[in-house]
Amino acid sequence: MNYTENYHLPQWDETDRILRKDFNSAMAQLEEGLTGNRDAAEDLRQSGGEMDEKNLKRLCRLTYNHYCAVTGMDTLPHQIGLFYQNASKDISNITGTMLVNNVRFAGKNGTGLTLEALAETFQEVTPLHIIKGNLPKSTPQTVTFTAPATGSMRRLYINGTYSNNVGENTTSFRITIQNLDTGSIEQTEEVTYTQKYTSAAFSEYCHGPFYFLGGAKYQITVQPLAAVCDMTCGLVLGGDSRVSAFSNEGKVTATHTLHEQEDSLGGMVILRCNISGAGGTLKLLWDGEERQPTVRRTAQLDGGRIAQELIYLRDNGIPADSTLSLSFECAEGGDFQFFDWGAVMF
């Protein structure tokens, strides 16, 4: 009996007997070869899909940029397959939040917050010192603190002394509150004080309120904007300063249903929020199925705020009527800031 050169399949001569063992062996080799070709073809098809994956990435980038473009619009034009909601301006279908510092907020804090507890976390890094006529050489005051709970403070005092003043002059201070965990400056306020004497002690307060998140580290900077006299002063919490803690049930829900004229091939949901303190449990359901973020990153919003950006990508068929459900439940001591969310279908 002879055999083929490449796959060793039997080649019967006219006088050869066809034996069951030889025949079954030949069929088994054919089965193995055909299966291998099928698997190779599938691998080739998938490897050829790399261009499809690249195109999907390009489409996702366009989709994301389109979403970012509409976030700056007060009124959205009519568009197909687009949903956007700014939680600070529109709370339809959103429950469990309150407006704090122009952000929808939820928190769960049973311990409260006292002036004494907050003051204990204040640490001065540099004192404020103004050199008359030399503002560039003058130094701002910097203070860091980590609040035990989310809240606000009012009536912070700038106490100090000045000297070498001639006539009646004014000194302005810029006070900034920076979240050191995110790097964003969350608030700014200016205070002006008038010097009427050659030298004197003084006390001036800034109204606020200044907001902060529990567990986040902040820096307060008091920057002098003029140098009309010599001055040494600092920011303090005074006896009549006011501290308030923010807390509710800590359960947030949001829902939205897109009603489109036709099905979509895929889509992207974008959620911008901040989870701080002890955190909590976040869930996003898309047509009843819980989805996990495809991308997690930080994003700078309008106004300089820094937010966590969660992107949920769906690359299968999406029905014309598609429902999104968002929920967050705070742990004890946890906070949730809800900036915006939305979806773009493609």
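Just so it is clear, the model here is predicted, and its values are computed rather than measured.

The rules behind each value
Residues numbered from 1 in each chain as written. Predicted model: local features only at pLDDT ≥ 70, side-chain atom pairs only at ≥ 80, totals over all residues. Heavy atoms only, no water. Phe/Tyr/Trp six-rings, centres within 6.5 Å; stacked < 30°, edge-to-face > 60°. Lys NZ or Arg CZ within 6 Å of the ring centre and 35° of its normal. 1 Å grid on protein atoms, 1.4 Å probe; cavity = no way out; pocket = protein on both sides within 12 Å on 5 of 7 lines; lining within 4 Å. Points joined across faces, edges and corners; volume = space filled by probe spheres on them. Helix = DSSP H or I, 4+ residues; strand = E, 2+ residues; numbered from the N terminus. Nonpolar A, V, L, I, M, F, W, Y, C, P; charged D, E, K, R; others polar. Polar contact = N/O pair within 3.5 Å; in protein donor to acceptor, adjacent residues only side chain to side chain. Contact = heavy atoms within 4.5 Å. Pairing = 2+ DSSP bridges. Axes fitted to C-alpha atoms, helices over the stretch in contact; angles between N-to-C directions.

1. Remarks on the packing of aromatic side chains
Evaluated as defined, the whole model comprises 14 aromatic pairs. Taken together, the ring pairs in this structure connect Phe83, Phe328, Phe336, Phe338 and Trp341 into an aromatic cluster. Arg297 extends its terminal NZ or CZ atom over the ring of Tyr64, reaching a point 4.6 Å from the ring centre.

2. Examining empty space enclosed by the protein
Summary: where empty space remains is shown by rolling a probe the size of a single water molecule over the atoms. The full count for this structure, using the stated rule, is 2 cavities of 30 Å³ or more. Its volume calculated, the largest cavity comes out at about 120 Å³. Forming the boundary of the largest cavity are 14 residues, of which Val100, Asn101, Tyr211, Leu213 and Gln337 lie nearest the centre. Of all elements in the fold, only β6 (103-107) and β14 (210-212) reach the threshold of two or more residues within the lining of the largest cavity. Residues belonging to the lining of the largest cavity are distributed by class as follows: 8 nonpolar, 4 polar and 2 charged. In this structure, the second largest cavity spans a volume of roughly 50 Å³.

3. Some thoughts on unusual backbone geometry
In this structure, the amide linkage connecting Gly208 to the following residue, Pro209, adopts the cis form with an omega of 0 degrees. With respect to the helices and strands, Pro209 occurs in the loop between β13 (200-206) and β14. Positive phi, close to 55 degrees, is recorded for Asn101, a residue that is not glycine. Within the element layout of this structure, Asn101 appears in the loop between β5 (98-100) and β6. Positive phi, normally seen in glycine, also occurs at Asn164, with a value near 60 degrees. Note on placement: Asn164 falls in the loop between β10 (151-163) and β11 (169-179).

4. Quick look at the side chain of Gln195
Mapped onto the elements, Gln195 comes out in strand β12 (residues 185-195). Reaching out from Gln195, the side chain makes a polar contact with the side chain of Thr171 at a distance of 3.1 Å. Excluding anything up to four places from it in sequence, Gln195 contacts Tyr162, Asn165, Gly167, Glu168, Asn169, Thr170, Thr171, Val228, Cys229 and Met231.

5. Here we look at the sheet that holds β11
Spatial ordering of the open sheet is given by β7-β9-β15-β11-β12, a layout of 5 strands whose pairing is antiparallel. At either end of the open sheet lies a strand with only one pairing partner, and these are β7 (123-126) and β12. Looking at each pair of strands side by side, their axes are set apart by 20 degrees on average, direction ignored. Alignment of β11 against strand β15 (residues 217-224), held across 7 bridges, turns out to be antiparallel. By the bridge assignment, Ile177 is partnered in β15 with Ile220.

None of this, on its own, says anything about what the molecule does.
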